[in-house]
Amino acid sequence: MKYSVRIAEEDIELEVRHSGDATEVVVGDRVLTADLVRIAGSPVYSLVLDGRSHEVSVHRRDRRFELVIGGESYHADVMDERAMRIAEATGDVGDVQSGETVLAPMPGVVVGLSVAVGDTVKPGQSVMTLEAMKMENELKSAVEGVVKEIKVEVGQGVAQGEPLVVIE
């Protein structure tokens, strides 16, 4: 299956191939072996990509995913072949994402705020730091916009999926 992925302001075309127990991910002319296993009852996956192990926390919101890898938060928009054809037919390709609510990717404690209400943010800009499982996770905006509301304070505990910052 082919996918179009936009992550960190970069567009990537990739293909996922399954053959028996083996999975390959093709990105450009690179072919990578992959193994992805969900850790039971959690949004955390064990990803082995070309022999390198990664722990990835994944939260899905329609076509958008929030990924936390090595304490860094990334937003990714993902479309499969069918969704790409529909978007092309309706002229919905390349629409600029406007507005978002940054959600807690996991339970934790807010240990830092990088923005204030009224600040202008760009995609990839840090909005806050969340400590979870003794690791600090920098949460970033996926869109350009203005911070309309900060729903938490430093020192506050948050649940997974809880709204943290509203950007319009």
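It should be noted that the structure appears before, not after, this text.
Residues numbered from 1 in each chain as written. Predicted model: local features only at pLDDT ≥ 70, side-chain atom pairs only at ≥ 80, totals over all residues. Heavy atoms only, no water.

A.B. asks: Give a detailed account of the overall build of the protein chain, specifying residues and quantitative values.
C.D. replies: In terms of regular secondary structure, the protein chain is built from one helix and 16 strands. Scaling as 2.2 N^0.38, a compact globule of 168 residues should have a C-alpha radius of gyration of about 15 Å, and the protein chain matches this with 17 Å. Reported as C-alpha extents along the three principal axes, the dimensions of the protein chain are approximately 50 × 40 × 25 Å. Taking all 168 residues of the protein chain together, 36% fall into the buried category. Looking at the protein chain alone, contacts between residues at least 24 apart form 45% of all its contacts between residues at least 6 apart. (Helix = DSSP H or I, 4+ residues; strand = E, 2+ residues; numbered from the N terminus. Rg over C-alpha atoms; globule rule 2.2 N^0.38 Å. Buried < 20%, exposed > 50% of the residue type's maximum accessible area, 1.4 Å probe, protein only. Contact = heavy atoms within 4.5 Å.)

A.B. asks: Residue-level account of the nonpolar core, with values.
C.D. replies: By size, the foremost hydrophobic cluster in this structure holds 17 residues, and its most contacted members are V127, M128, L139, V158, L164, V165 and I167. Residue assignment for this core shows that the elements contributing at least two residues are β12 (126-132) and β16 (163-167). Residues contacting L164, with those up to four places away along its chain left out, are V102, L103, A104, M128, L139, E149, I150, K151, V152 and V158. Ranked by size, the runner-up nonpolar core spans 10 residues in total, among them V5, A34, L47 and F65. (Core = buried A, V, L, I, M, F, W, Y, C linked by side-chain atoms within 4.5 Å.)

A.B. asks: Which residues make up the pairing of strand β4 (residues 30-38), and what values go with them?
C.D. replies: Of the pairings in the sheet, the one linking strand β3 (residues 22-27) to β4 comprises five bridges and is antiparallel in character. By the bridge assignment for β4, V25 is matched with L32. What sits between β3 and β4 in their antiparallel hairpin is a turn of two residues, with G28 showing a positive phi close to 60°. Both β4 and strand β5 (residues 44-49) contribute to a ladder of five bridges, which runs antiparallel. Bridged to D35 within β5 is V48. Counted along the chain from β4 to the antiparallel partner β5, the turn is five residues long, and its residue G41 has a positive phi close to 70°. (Pairing = 2+ DSSP bridges.)

A.B. asks: Account for the sheet that holds strand β14 (residues 145-150), naming residues and giving values.
C.D. replies: The four strands are arranged β9-β16-β14-β11 in an open sheet whose pairing can be described as antiparallel. Of all strands in the sheet, those bounded by a partner on one side alone are β9 (100-103) and β11 (120-121). Where β14 and β16 come together, three bridges link them in antiparallel fashion. Bridging across to β16, E149 finds its partner in V166.

A.B. asks: Explain the pattern of salt bridges to me, and be specific about the residues and the numbers.
C.D. replies: As enumerated under the stated definition, the model contains five salt bridges in all. Across the salt bridge formed by K140 and E72, the nearest N and O atoms sit 3.0 Å from each other. In this pair, K140 sits in strand β13 (residues 135-140) while E72 sits in strand β8 (residues 72-80), placing the two residues 68 residues apart along the sequence. According to the relative accessible area criterion, K140 is buried, its value standing at 18%. The class for E72 is partly exposed, based on a relative accessible area of 26%. (Salt bridge = Lys/Arg side-chain N within 4 Å of Asp/Glu carboxyl O.)

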